[in-house]
Amino acid sequence: QVQLVESGGGLVQPGGSLRLSCAVSGSFSIYAMGWYRQAPGKQRDLVATITLRNITNYADSVKGRFTISRDNAKNSVYLQMKRLKPEDTAVYYCFAERLEPVETDKDRFLKLWGQGTLVTVSS
């Protein structure tokens, strides 16, 4: 049922670090992977992405502090978060793009979503 399983969230003090993990349970052809986050009362924002070629992109708010990586053999994606700030508090959702072509669009990609893991940065 759950195709993406997330772990690693929790409570951490400002300046601390956490490592989030996300694994795809099935045998799929996974392309880009990444993380979104959503704070209470705010929209869901893209945090980081990583392609099959290990090309990465980060939101400006996390550049220099967060590092995204992937293990293709495990169909997993990770987010190493350092120097955490209270404004990083949010539910973090991982995603993975799967190729699901149709006759009218052979390059159609669909996102698979994790259930979310809560990261709380507070003293």
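Remember, it's a predicted structure, so these values are computed and weren't measured experimentally.

Chemist: Help me understand the overall build of the protein in this model?
Modeler: The number of helices and strands found in the protein is 0 helices and 11 strands. For the protein, whose C-alpha radius of gyration is 15 Å, the value lies close to the compact-globule estimate of 14 Å for 123 residues. Referenced to the eigenvectors of the C-alpha coordinate spread, the extents of the protein come out at roughly 55 × 25 × 25 Å. Residues counted as buried form 39% of the 123 residues belonging to the protein. Of the contacts made within the protein by residues no fewer than 6 positions apart, 55% connect residues no fewer than 24 positions apart.

Chemist: What is the right way to look at the pairing of strand 4 (residues 30-38) in this model?
Modeler: Residues in a regular strand project their side chains so that they alternate between the two faces of the sheet. Of all 9 residues in strand 4, 7 are buried; the element is thus mostly enclosed. Of the strand pairs in this sheet, strand 4 and strand 9 (residues 90-99) are connected by 7 bridges, and their pairing is antiparallel. In the strand pairing of strand 9, W35 is matched with C94. In this structure, strand 4 lies alongside strand 5 (residues 45-50), joined through 5 bridges in antiparallel fashion. Within the sheet, the bridge partner assigned to R37 lies in strand 5 and is D45. Count of turn residues in the strand 4/strand 5 antiparallel hairpin: 6 residues, of which G41 carries a positive phi of about 75°.

Chemist: Quick question: what am I supposed to make of the packing of aromatic side chains here?
Modeler: For any two aromatic rings, the description comes down to two numbers: the centre-to-centre distance and the angle of the planes. Tallied over the full model, the rule gives 4 aromatic pairs. Geometrically, the ring pair formed by Y31 and F109 is edge-to-face, given 5.1 Å between the ring centres and 80° between the ring planes. Within this pair, whereas Y31 is found in strand 4, its partner F109 is found in strand 10 (residues 109-113), the two being separated by 78 residues in sequence. Linked through ring pairs, Y36, F95 and W113 together constitute an aromatic cluster. Sitting above the plane of the W113 ring, R44 keeps its charged end 5.4 Å from the centroid. Directly above the aromatic system of F95 lies the positively charged group of K111, at a separation of 5.1 Å from the ring centroid.

Each value, and the rule that gives it
Numbering of residues begins from 1 in every chain and follows the order in which that chain's sequence is written. Note on the predicted model: pLDDT of at least 70 is required for a residue's local features to be given, and 80 or more for side-chain atom pairs to be given and counted; whole-chain, interface and lining totals, by contrast, use all residues. To obtain the side-chain values, all non-hydrogen atoms of the structure were included, while hydrogens and water were left out. Strands are runs of DSSP state E lasting at least two residues, helices are runs of H or I lasting at least four, and both sets are numbered from the N terminus onward. Atoms considered for the radius of gyration are the C-alpha atoms alone. The globule rule reads 2.2 Å times the number of residues to the power 0.38. Buried residues are those whose accessible area, probed at 1.4 Å on protein chains only, stays under 20% of the maximum for their type, while exposed residues exceed 50% and partly exposed ones sit between those limits. By definition in these notes, contact holds between two residues if any of their heavy atoms fall within 4.5 Å. Here, a strand pair is defined by DSSP locating no fewer than two bridges between the strands. Pairing of aromatic rings covers Phe, Tyr and the six-membered ring of Trp, with a centre-to-centre limit of 6.5 Å; geometry is then stacked below 30 degrees between planes, edge-to-face above 60, and tilted otherwise. Only when the NZ atom of a Lys or the CZ atom of an Arg is both within 6 Å of the ring centre and within 35 degrees of the ring normal do we say a charge sits over the ring.

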